[in-house]
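One-letter residues, chain by chain:
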Amino acid sequence: MADLHPSRAVGISTRVQDYLDDKIQNAADLDNVDELLAKVQQQQEILKKQLEEARNGQSEVEQNIATLTTTLRERALEFQARQNDLDQRLKELTQSDVTTEATKKIESRMNKLGNLEIAQAYLELLQEMDRCDTETSKHLTKKPDESIKSYLQLHSLWTRMKENQPSAEGAAPQLLYIFEQQTTRIFKSLKDSLEKSLRKTLDEMNWPSRDMTVSSNAREKWENQVQLLLEIQEPDLVQSAPNDTTWNAGPPPEPVTLFPLEVMINPLAARFRYHFYGDRPTNRLDKPEYFLSHVLDLIEQHSNFVIDILGPILDQRALKSEALESIYSDPISAFITGLLPMVRAKSLSFLPQVVSEPQLFSHFMREIMLFDSSIRDSWGYIPIPRMLGDWRGVTWDLLYTHGYFQSWLTVERDFALSRYNNIRDDREGREIDFDAEAGQTKPTKTAIRIADLLETITDRYRALNSFSYKIRFLIDIQIHILEEYHRHLADMLQAYVATTHTAGRLLQGQTESDAFGLKGLELITKIYGSAEFLQRKLSDWSDDVFFLELWDELSVRAKGSEGGNASIGNNLNVDDVAAKTSTAIKNDDDGEYDGSGPFDQTVGSFLRLRERSEEQILRAFEVNVRAALKPYVRHPQWSSLGDSRLEGSVAPSSALDGLSQSITILLGYIARVLAPGALRRVVKHIYTTIQKEMLDNVVLSHTFSTAGANQLRTDILAIKEVVERTAKLRGIGDSSMKRLDEAATLLSLAASEENSGEDEDASGAEWGFEEKAEPSVNGEESPGGASHELSLWEVDNRLFTDNPTARKVLAELGIYHLDVTEARNVLRRRVEITAKSGRA
């Protein structure tokens, strides 16, 4: 420690020196020395105070530690004394000098004591079981209600033992087994006795004959016996009923038949077996409706008795507890539950015999689904317990539980495909049905029959409750048939397109008239009509309630899945279903209904096929129109026709006879087949083709005199008249050939006979304007106030002056679809204008 003092003193001095150097850096700081000393003394007092408090705290802690140490030492000594005393007592008790041996002997004796207590408890339980058995047997015939009370006590005891077994780690399996056997034996004897009594009462009532006699005494006995049977069944009903924790753990339990109804249904089941088993004429494989309708008749026949007498009893029992209220359904449903095992057993005996006969199998499944629908819709069946929810029917049990769905699907698929092939290959069906729905494109009879076949298939599986089974029918049968027919139509279209090319015609030995004539047009129209009909049908089906519900469930399942390979049903994943139905199910949009449906992909396929077919229809008309206009295009006399001032007196050109005949035949046929919208598109395309052909090869390729221009206008009106008369559509020509009409208007402008127009700078009068009382061409008055028509020379002068002037004169003439350049090119085709120098 002596070596540390100098080092510490040196450190303190250094710190003091640093402090003073920091505080006193110049002469002016010496004036603050007193204040600095006062501050240092204040800090020293604070530090002394803190040091004193720390010393006091340390003393207090040291004192507490000493006290705690003393206490622990005393407790240790006390424990040692008690341990020694205990060892001594063990030695004296066990007469052993070794402590460990004494401990083992004590533990052995305690185990024996525990086993004795357990044995005593076992004996008490067995004694209680024996007492309940004795009480039940004692009052079984005379006081069955007392027997039931004893049985219920025994059942309750057995139930508690089963519930406590897991927590007791299965400590008493033998005792539990004895209780189970004894409880089952007592239950069987009690149930047999009560059922025997109920059968006697039913015999007195002449059940189940139509002339039943229900006296007050018989009814009182019947009600009492039914009550007792329900009472012994209720513990099992409550125990087996699904609750919130077990509801989603697995498949729902089977519906339970009430004991009284089992007794009542026994004679009905005997009659059922008599009539529908063995060699009876009512047992026919081709008539399953016999036994199904018999069951429905039984429900109808006994419904009043069940409702009026059994109904109040069930209502009374349901009020006893909340559990029973959720178990008991209406009396008719309880009665139906008792009859369904007969139907299920008979169906299972039927199926192995008819599964190899497609027609019988299909007929049987249709009848069993009709039976389920009748039970569900006509009688509002709710199985027991009510928490089972929607009843899936006997059909579900046969198809799913017993695995007959795939066999049935194969039968229905083979039948549907066979029927489809027959419809497709029927030559009569290839004809167009002109008696189909008015105002719509006429389809082929084949397309109509295929739609009827698909509707029949829908009726086959409409009643199914399983989403997976419905989707399988939709995809494997209906959409498959639609895809096959679409492929068939597409192949026909491809073959037709091949014949429209020279190489294809040579390979198939056909002529151009076969491809583009009426024969080819009929073929392509059949394809168009069939595709359009099925597209429209599928769109309508997508709005059907059945397919809307199917689509909603499909969308919900797809959105709830993760990834395209996620399962949305039995052997169904999102990608496969979306590829066949609609890719909309893969979207994450949770918005409102967007118009999608289960037939989106198929509708899209037929839409594209229809559009391709329409393109070929338009192409066929284009080819025929151009071919029919060739004689007219080569007409040589446009500039030398005789003078004809009256347009109405001019007859249409004979060169248009071929066009008129072609339009009458082809368009006349199309007008009978296509809907108004599609027909308008065809007519507009015909007009567009005629306009382009006549503008390019007639108007802009020849020169016209006044008579030639009038002839052109007459021919245009004749073409419109033929098309409108054939198509029975008015006004389309005026809107579709405006450029041609305007060109004819320019070409037919009247030229003045008094002035040849040589002086282009002369006044308007020198150009030969003649004031007339009638309106001008465009129905407007001239700037001078007098109404007159524009002559060829005035239009020529103003049209070639500049663009603004040209646009103005075109507007006065009512020409809006020809631009200035086109109008000038057209006007140059007048022989008068051509003859003028510098304008040729």
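Keep in mind the model is a prediction, meaning the values are calculated, not measured. (Residues numbered from 1 in each chain as written. Predicted model: local features only at pLDDT ≥ 70, side-chain atom pairs only at ≥ 80, totals over all residues. Heavy atoms only, no water.)

S.K.: Looking at this model, I keep getting lost on the overall build of the protein chain. Mind explaining?
M.R.: Counting its secondary structure elements, the protein chain contains 30 helices and 2 strands. The 840 residues of the protein chain split such that 42% are buried. Pairs at least 24 apart in sequence give 72% of the contacts found in the protein chain among residues at least 6 apart. Total accessible area computed for the protein chain in this model is approximately 45900 Å², and 50% of it derives from carbon and sulfur atoms. (Helix = DSSP H or I, 4+ residues; strand = E, 2+ residues; numbered from the N terminus. Buried < 20%, exposed > 50% of the residue type's maximum accessible area, 1.4 Å probe, protein only. Contact = heavy atoms within 4.5 Å. Areas by Shrake-Rupley, 256 points an atom, 1.4 Å probe, with all protein chains shown as cover.)

S.K.: I'm lost on the packing of helix 24 (residues 706-727) against helix 26 (residues 738-747) in this one. Help?
M.R.: When two helices pack together, their arrangement is given by the angle between the helix axes and by the axis-to-axis distance. The contact between helix 24 and helix 26 brings their axes to 8 Å, and the two run at 155°. Compared by their axis directions, helix 24 and helix 26 come out roughly antiparallel. As helix 24 packs across helix 26, the resulting crossing turns out to be left-handed. Residues Ala709, Leu712, Arg713, Ile716 and Lys720 of helix 24 pack against Leu740, Asp741, Ala744, Thr745 and Leu747 of helix 26. In terms of residue class, the contact of helix 24 with helix 26 is built from 6 nonpolar, 1 polar and 3 charged. (Axes fitted to C-alpha atoms, helices over the stretch in contact; angles between N-to-C directions. Parallel < 35°, antiparallel > 145°, perpendicular 65-115°, else oblique. Left-handed = near helix turned anticlockwise from the far one by under 90°. Nonpolar A, V, L, I, M, F, W, Y, C, P; charged D, E, K, R; others polar.)

S.K.: Would you take a moment to explain the pattern of salt bridges for this structure?
M.R.: It is possible for side chains bearing opposite charge to pair when their charged atoms get close. With the rule as written, the count across this model stands at 34 salt bridges. Between aspartate 192 and lysine 188 there is a salt bridge, with its nearest N and O atoms 3.1 Å apart. Separated by 4 residues within a single helix, aspartate 192 and lysine 188 lie in helix 5 (residues 173-204), roughly one turn from each other. For the salt bridge of arginine 462 with aspartate 459, the shortest nitrogen-to-oxygen distance reads 3.7 Å. With relative accessibility at 35%, the residue arginine 462 sits in the partly exposed group. Within the structure, one salt-bridge network assembled from shared partners comprises Glu721, Glu724, Arg725 and Arg730. (Salt bridge = Lys/Arg side-chain N within 4 Å of Asp/Glu carboxyl O.)

S.K.: I'm lost on the packing of aromatic side chains in this one. Help?
M.R.: To describe a pair of aromatic rings, one takes the distance between the centres and the angle between the planes. This structure, assessed with the given rule, holds 25 aromatic pairs. Residues tryptophan 207 and phenylalanine 305 carry aromatic rings whose centres are separated by 5.3 Å and whose planes lie at 40° to one another, so their mutual orientation is tilted. Highlighted residues: tryptophan 207 in the loop between helix 5 and helix 6 (216-240) and phenylalanine 305 in helix 8 (residues 289-318), separated in sequence by 98 residues. When the centroid spacing of 4.8 Å and the interplanar angle of 55° are considered together, the rings of tryptophan 408 and phenylalanine 473 count as tilted. On the criterion of sequence distance, the pair formed by tryptophan 408 in helix 13 (residues 405-425) and phenylalanine 473 in helix 15 (residues 467-499) is long-range, its members being 65 residues apart. Both residues of the pair, tryptophan 408 and phenylalanine 473, count as buried. These aromatic residues form a ring-pair network of at least three members: Trp396, Tyr400, Phe405, Trp408, Tyr461, Tyr469, Phe473, Trp541, Phe546, Phe547 and Phe599. Above the ring of tyrosine 277, the side-chain terminus of lysine 346 is found at 4.5 Å from the ring centroid. (Phe/Tyr/Trp six-rings, centres within 6.5 Å; stacked < 30°, edge-to-face > 60°. Lys NZ or Arg CZ within 6 Å of the ring centre and 35° of its normal.)

S.K.: It is not clear to me how helix 7 (residues 259-276) should be interpreted in this structure. Could you clarify?
M.R.: Every α-helix carries 3.6 residues per turn, so stepping three or four residues along brings you back to the same face. Under the 1.5 Å per step criterion, the end-to-end length of helix 7 is 25 Å for 18 residues, consistent within 8% with the ideal 26 Å. The largest bend along helix 7 measures about 35° and falls at isoleucine 265, with the proline proline 267 one to four residues further on. Where helix 7 is buried, its residues touch helix 5, helix 6, helix 8 and helix 10 (331-354). Glycine 278 sits one or two positions beyond helix 7 and adopts a positive phi of about 80°. (Expected span 1.5 Å × (residues − 1). Bend = angle between axes of the 7 residues up to and from the residue.)

S.K.: How do you make sense of the nonpolar core when you look at a structure like this?
M.R.: Soluble globular proteins: nonpolar side chains tend toward being buried together. The biggest cluster of nonpolar side chains holds 204 residues, and the ones touching the most others in it are Trp222, Ile481, Leu667, Ile690, Leu712 and Leu746. Ranked by the residues each element gives to this core, the list is headed by helix 15, at 16 residues. The residue makeup of this core includes at least three contributed by each of domain 2 (140-240 + 254-384) and domain 3 (407-587 + 595-610). (Core = buried A, V, L, I, M, F, W, Y, C linked by side-chain atoms within 4.5 Å. Domains from an automatic or database assignment.)

S.K.: Honestly, a nonpolar patch on the surface in this entry has me stumped. Any pointers?
M.R.: On the surface, Ile12, Val16, Tyr19, Leu20 and Val40 cluster together into a nonpolar patch covering about 380 Å² of accessible area. Here the element with the most residues in the nonpolar patch is helix 1 (residues 4-23); it accounts for 4 residues. Within the secondary structure, isoleucine 12 sits in helix 1. Taking relative accessible area as the criterion, isoleucine 12 reaches 45% and is therefore assigned partly exposed. (Patch = residues over 30% accessible without salt bridge, like charges linked within 9 Å, V, L, I, M, F, W, Y side chains within 5 Å.)

S.K.: Just checking my understanding: could you explain unusual backbone geometry for this structure?
M.R.: Excluding glycine, residues mostly carry a negative phi; peptide bonds, for their part, are mostly trans. The linkage connecting tryptophan 207 with the following residue, proline 208, adopts the cis geometry, with an omega of 5°. By the secondary structure assignment, proline 208 is in the loop between helix 5 and helix 6. In this structure, asparagine 206 is a non-glycine residue whose phi angle is positive, near 60°. Tracing the backbone shows asparagine 206 in the loop between helix 5 and helix 6. Phi at lysine 728 is positive, roughly 60°, even though this residue is not glycine. Among the structural elements, lysine 728 can be located in the loop between helix 24 and helix 25 (732-736).

S.K.: Help me out: how do you make sense of helix 22 (residues 657-673) in this one?
M.R.: An ideal rise of 1.5 Å per residue puts 24 Å on 17 residues; helix 22 measures up with 24 Å between its terminal C-alpha atoms. Of the residues making up helix 22, those classed as buried are Leu659, Ser662, Ile663, Leu666, Leu667, Gly668, Tyr669, Ile670 and Val673.

S.K.: It is not clear to me how the side chain of lysine 470 should be interpreted in this structure. Could you clarify?
M.R.: Along the chain, lysine 470 turns up in helix 15. At 3.1 Å, the side chain of lysine 470 forms a polar contact with the backbone oxygen of leucine 464. Excluding residues that lie within four positions of it along the chain, lysine 470 makes contacts with Tyr461, Arg462, Leu464, Asn465, Phe546 and Leu550. (Polar contact = N/O pair within 3.5 Å; in protein donor to acceptor, adjacent residues only side chain to side chain.)

S.K.: What exactly am I supposed to notice about the environment of glutamate 455 here?
M.R.: Its place among the elements puts glutamate 455 in helix 14 (residues 445-461). Accessibility expressed as a relative area gives 31% for glutamate 455, which makes it partly exposed. In the structure, glutamate 455 is positioned 86 residues away from tryptophan 541 in sequence and 9.3 Å away in space, judged by C-alpha atoms. Those residues in contact with glutamate 455, other than ones at most four positions away along the chain, are Lys537 and Trp541.

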